[in-house]
Amino acid sequence: QGYIFGAVLAPRSGMAAPDEWNTEALLRETDAAYEEELNRNPHNMKVWIAYLDAKKTLAPGLRWVFFERAVRALPRCFKIWKRYLSERTEAVSKICPVSPEYEEVNGVFERALVFLNKMPRIWFMYIEFLQKQRRITKTRRTLDRALRSLPIMQHNRVWDLYIPFIKQKFVPKATALLIFRRYLMLEPDHVETYIAYLLTMSHYDEASVLLANVVNDEGFVSMEGKTNHQLWMDLCDVISKHPKDITSLRIEPIIRGGLKKFTDEVGRLWNSLADHFIRLGQFEKARDVYEEAMMTVTTVHDFTMVFDAYSKFEDSLVTASMQGEEEDQDEAEIDLLLARCEHLISRRKELLSSVLLRQNPHNIHEWLKRTRLFQDNPERVIQTFAEAVMTVDPQKAVGKLPALWIAFAGFYEQHDDLENSRGIFQKAVEMQFKTVDDLATVWCEYVEMELRHGHYEDALRVARQAVSTRKAGDQSVHGRLFRSVKLWALNADLEESLGTAQTVRACYDRIFDLKVATPQLILNYSQYLEENLFFEESFRCYERGVALFKWPHVNDIWLMYLAKFVARYGGRQLERARDLFEQAVHKIPPKFAKRLYLLFARLEEDHGLARHALSIYSRATEAVEESQKFELFSLYISKTSEFFGVTRTREIYAKAIESLKDDEAKEMCLRFADVEKMLGEIDRARGIYQHASQFCDPKTENNFWARWRDFEVLHGNEDTFREMLRVKRSVEAQYTQTHFNEGELTTGSAPALPADPMQAAEQELQAEDESKKRAAEEREEFSSKRRRLQGSAEESLEFMPANRFNGAKAGFCFKLGVKGLGYYEDPKGSTQKPAAKANDEEIELDLDLDMEDMPEEQAVPASVFGGAAAAQ
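Residues numbered from 1 in each chain as written. Predicted model: local features only at pLDDT ≥ 70, side-chain atom pairs only at ≥ 80, totals over all residues. Heavy atoms only, no water.

## As for the packing of helix H36 (residues 650-659) against helix H37 (residues 662-678)
Where H36 meets H37, the axes come as close as 9 Å, and the angle between the chain directions of the two elements is 160°. The angle between H36 and H37 places the two elements in the roughly antiparallel class. Classified by chirality, the crossing of H37 by H36 is left-handed. Facing H36, whose interface residues are Arg650, Tyr653, Ala656 and Ile657, H37 presents Ala665, Met668, Cys669, Arg671, Phe672, Val675 and Glu676. Residue classes in the contact of H36 with H37 are distributed as 8 nonpolar, no polar and 3 charged. (Axes fitted to C-alpha atoms, helices over the stretch in contact; angles between N-to-C directions. Helix = DSSP H or I, 4+ residues; strand = E, 2+ residues; numbered from the N terminus. Parallel < 35°, antiparallel > 145°, perpendicular 65-115°, else oblique. Left-handed = near helix turned anticlockwise from the far one by under 90°. Contact = heavy atoms within 4.5 Å. Nonpolar A, V, L, I, M, F, W, Y, C, P; charged D, E, K, R; others polar.)

## Some words on helix H27 (residues 485-498)
When the terminal C-alpha atoms of H27 are compared, their 20 Å separation across 14 residues agrees well with the 20 Å that a helix rising 1.5 Å per residue should span. Turning to H27, the residues buried within the fold contact helix H25 (436-452), helix H26 (456-468) and helix H28 (501-514). (Expected span 1.5 Å × (residues − 1).)

## Considering the side chain of aspartate 144
Structurally, aspartate 144 can be placed in helix H9 (residues 136-149). Once residues within four sequence positions are removed from consideration, aspartate 144 is found in contact with Tyr162 and Arg182.

## Digging into the environment of phenylalanine 374
When you line up the elements, phenylalanine 374 lands in the loop between helix H21 (364-372) and helix H22 (378-391). For phenylalanine 374, a relative accessible area of 8% corresponds to the buried category. Linking phenylalanine 374 and glutamate 350, residues 24 residues apart in sequence, is a C-alpha distance of 9.0 Å. If we skip the residues at most four places from it in the chain, phenylalanine 374 touches Glu350, Arg380, Val381 and Thr384. (Buried < 20%, exposed > 50% of the residue type's maximum accessible area, 1.4 Å probe, protein only.)

## Considerations on helix H14 (residues 228-241)
Helix length check: H14 (14 residues) gives 20 Å between terminal C-alpha atoms against 20 Å at 1.5 Å per residue, within 8%. Counting buried residues along H14, 10 of its 14 residues qualify, which places the element largely inside the surrounding structure. Every buried residue of H14 is listed here: His229, Leu231, Trp232, Met233, Leu235, Cys236, Asp237, Val238, Ile239 and Ser240. Against the buried residues of H14 lie helix H12 (191-200), helix H13 (204-216), helix H15 (251-261) and helix H16 (266-279).

## Considering the pattern of salt bridges
Side chains bearing opposite charge may pair, as long as their charged atoms lie close to each other. Here the structure, examined in full by the defined rule, presents 46 salt bridges. Between arginine 422 and glutamate 450 there is a salt bridge, and its shortest N-O distance comes to 2.6 Å. One end of the pair, arginine 422, is in helix H24 (residues 418-428); the other, glutamate 450, is in helix H25, and 28 residues separate them in sequence. The two residues arginine 422 and glutamate 450 agree in class, both being buried. With a closest N to O distance of 3.6 Å, arginine 576 and glutamate 536 form a salt bridge. (Salt bridge = Lys/Arg side-chain N within 4 Å of Asp/Glu carboxyl O.)

## A look at the nonpolar core
By size, the foremost hydrophobic cluster in this structure holds 130 residues, and its most contacted members are Leu404, Trp443, Ile511 and Met668. Examining the composition of this core, we find that 9 residues originate from one element, H25, more than from any other. When residues no more than four places from it in sequence are discounted, the contact partners of isoleucine 511 are Trp488, Ala492, Val516, Ala517 and Leu521. Formed by 104 residues, the second largest nonpolar core is a distinct cluster that contains Leu130, Val191, Phe262 and Phe303. (Core = buried A, V, L, I, M, F, W, Y, C linked by side-chain atoms within 4.5 Å.)

## Focus: the packing of helix H35 (residues 626-644) against H36
Packed helices, taken two at a time, are described by their axes: the angle between them and the distance between them. Interaxial distance between H35 and H36 falls to 10 Å at its minimum, and their mutual angle equals 175°. With respect to each other, H35 and H36 are oriented roughly antiparallel. From H35, Glu626, Phe633, Tyr636, Ile637 and Thr640 reach across to H36, where they touch Ile652, Tyr653, Lys655, Ala656 and Ser659. Here the contact of H35 with H36 is composed, by residue class, of 6 nonpolar, 2 polar and 2 charged.

## Here we look at unusual backbone geometry
Cis geometry is found at the peptide bond from tryptophan 551 to proline 552, where omega equals 5°. For leucine 533, which is not a glycine, the phi torsion comes out positive at approximately 70°. Assignment of secondary structure puts leucine 533 in the loop between helix H29 (519-531) and helix H30 (535-548). Accessibility expressed as a relative area gives 61% for leucine 533, which makes it exposed. For lysine 587, which is not glycine, the phi torsion reads 55° and is therefore positive. Along the chain, the position of lysine 587 falls in the loop between helix H32 (574-585) and helix H33 (590-607).

## What to know about the packing of aromatic side chains
Inspection of every chain in the model, using the stated rule, returns 36 aromatic pairs. Between tyrosine 508 and tyrosine 525, the ring centres sit 4.1 Å apart and the planes meet at 5°, which makes this aromatic pair stacked. Pair noted here: tyrosine 508 is in helix H28 and tyrosine 525 is in helix H29, with a separation of 17 residues, a long-range link. An identical accessibility class is assigned to tyrosine 508 and tyrosine 525; each is buried. Here a set of aromatic residues connected by ring pairs shows up, and it is made of Phe539, Tyr542, Trp558, Tyr561, Phe565 and Tyr569. Geometry around phenylalanine 534 places arginine 505 over its ring, the cationic atom sitting 4.4 Å from the centre. Across from the ring centre of phenylalanine 535, 3.9 Å away, lies the NZ or CZ of arginine 568, which sits over that ring. (Phe/Tyr/Trp six-rings, centres within 6.5 Å; stacked < 30°, edge-to-face > 60°. Lys NZ or Arg CZ within 6 Å of the ring centre and 35° of its normal.)

## Topic: a nonpolar patch on the surface
Together, Ile152, Met153 and Leu186 make up a nonpolar patch on the protein surface, roughly 300 Å² of accessible area in all. Take leucine 186: it is sitting in helix H11 (residues 173-186). Exposure remark for leucine 186: the relative accessible area of 31% places this residue in the partly exposed category. (Patch = residues over 30% accessible without salt bridge, like charges linked within 9 Å, V, L, I, M, F, W, Y side chains within 5 Å. Areas by Shrake-Rupley, 256 points an atom, 1.4 Å probe, with all protein chains shown as cover.)

## Quick look at the environment of leucine 130
Positionally, leucine 130 belongs in helix H8 (residues 120-132). Under the relative-accessibility criterion, leucine 130 is labelled buried at 0%. Remark: the alpha-carbon pair of leucine 130 and tyrosine 102, spanning 28 residues in sequence, is separated by 9.3 Å. Those residues in contact with leucine 130 that sit more than four places away from it in its chain are Asn106, Arg135, Lys138, Thr139 and Thr142.

## Regarding the state of the cysteines
Scanning the model with the defined rule gives 0 disulfides in all. Cysteine cysteine 696 shares no disulfide, and the gap to the nearest cysteine sulfur, in cysteine 669, comes to 7.9 Å. Residue classification places cysteine 696 among the buried residues on the basis of a relative accessible area of 0%. (Disulfide = S-S within 2.5 Å.)

Below, the structure written as structure tokens:
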């Protein structure tokens, strides 16, 4: 052991001499087993590491001895050096950096780098340790040595330590700049980092030069994800905010180049250029830039940015001038600044209008709004109108171009300058408008202007001139103007008001020849002829109109034509009127059939035959729409009843019931039943009720079933009442089944089956038996009540038996009553007899029907019995 310690523990620089060590303590702590193993194999790394782990509890000074032995035995072992250096740096971490212990650790690092100069981790530990000591020169030189020692692939890791180091405040700026330039030689793509550092160092000139190079390099890809547009904006911000520091670049050409390249940031770039001159103190130049900007921007957003910046600039000048400390402050200069500021504010609407017009110079609405801005300045209004009509292209116009010309001429008209107004209209009608309607609108306004000022002859002349210009083969708007309906309508109105009968006829004949007539023009011309007593010509005009148009446009012409013809001739030319009506209703759409058929029927009623009128009503019920059929059938029935009696309406009722919808058919059935009941045809009325019952759900149509029940109570017997109840149950079951099936289809699921089908079937049978018993009791109650009512009423009447009807007898009615077949006294026709003696043994029953609800008996008319009565 003495040999081992003597050989290993030789004194080294930065270490204490061997005589200073406590040799006895070392010997006590030496593990004989490890020493023997190391004596046999001193280069075994695992043994050394295990030996060092076993001595973790030693004091730092003693532990360093074992580490020194290990690194001497294995000078190129990274693991041992790494552990040794980590423990040495940790041991001095809480000591002042100027302590000698730091120099000892630096020496250890230097010795380690002699053998491990290719290990980046050792370099990084050493560099970090030096940075904690704030030893700038030694740290910089160590970083340079690391760059020289390590391969190029490891340099990026060194620079990751180098760059943060030179950014620290205690590093000289000149040194940092030189190092950054060296870094860009390796990583030119990281120029943005250097630029940011230059901006923090206030080296704006070099930063702007580098930014300009980056912007001009089309292949540059930003490491920070910035686009070329964003880099342009950064460059403009730098050069505009620090104009006095920029000496290597021409600022104004750069910003103006950005204005041409990036049109979406025009407002910001203009503000940057103006800000550049403001910072240089060139206020007039800045004001010129703002004015130029407001005259060139094309979006409201950019205009708002420039105008706000301009107004703030003017306000700041006014504020600075008013707050000046000089006693001899020039008041005239302050007034000039205030006037400029007020003038700028007053021009805002005009400038904004110019921006919108630069976006689209063919926007009619914006031009009209611009003219309203100068209401107090007629010269500016005229100048604006003239600029507008010269700028707007009719083929690209957005809005109504005629409105611009009309407003221009109307401005002169408002100022009583009709000559200039006519001149504007003359120029307007020569323009190549997009559509014929636009040109016709200008001509119409020209005519209206002459009429407003009472120049009727001029108005008529202009109207004739508008429709008379025609060039063969010319397909422009001027060549197609002669077919404008608007112009011909205006010309016709003027001819009727100001022209002669010949000119009016010539005008309308020309309209018919060109086929530009409208139904309204036809009606106007016919009305004009009628007012001038040219009745036949008026009718011929109607004829030409109905020949020109189809349905539905011809509807108004037919209505007016037929009404005027009937009013003129009445029944004197009935056959001609019938032919006209037949021609009118031929292939007429159902929507327009009602009025014409009613006029046709009224003609036959007033001047023709009743059967012809009824046949027309019959045709009308088939020609009109479904929603109008019920009304037509009702009118048809009332007219038939009026002309030929009620009995002739039966066929109409039957036809109506077949044709109408269920709701309307039900109502028609009730009316039909009332008619039959009035005629005494009880069985026919009952059949009608049965037929109508198929349309009436007992759950919703309570009114129908109540009326049928009252009918059976008054006119039926037990069998008919039972039949009515059976029909009601049948219809109710039919509707219930229908609703049940619809519910299944709606929900998409079948009805749930009962748990016990036999029990459910028995319950259904019991319910059916109970319903039959209730119906039988109801019928029995009804029969007994009816017998009592009829017996008590008829027994007190005088009776004459007869085997057959022998003719009507005054005060009697023929029927089958409680006393048999014969003539019973009519209570209405005879004097009321004294009441019969009350029966003390009579039992009063609580019935639903009272005597007041019973119908009164009436004599049967002789017409009911027909020939049988005549034979008697």
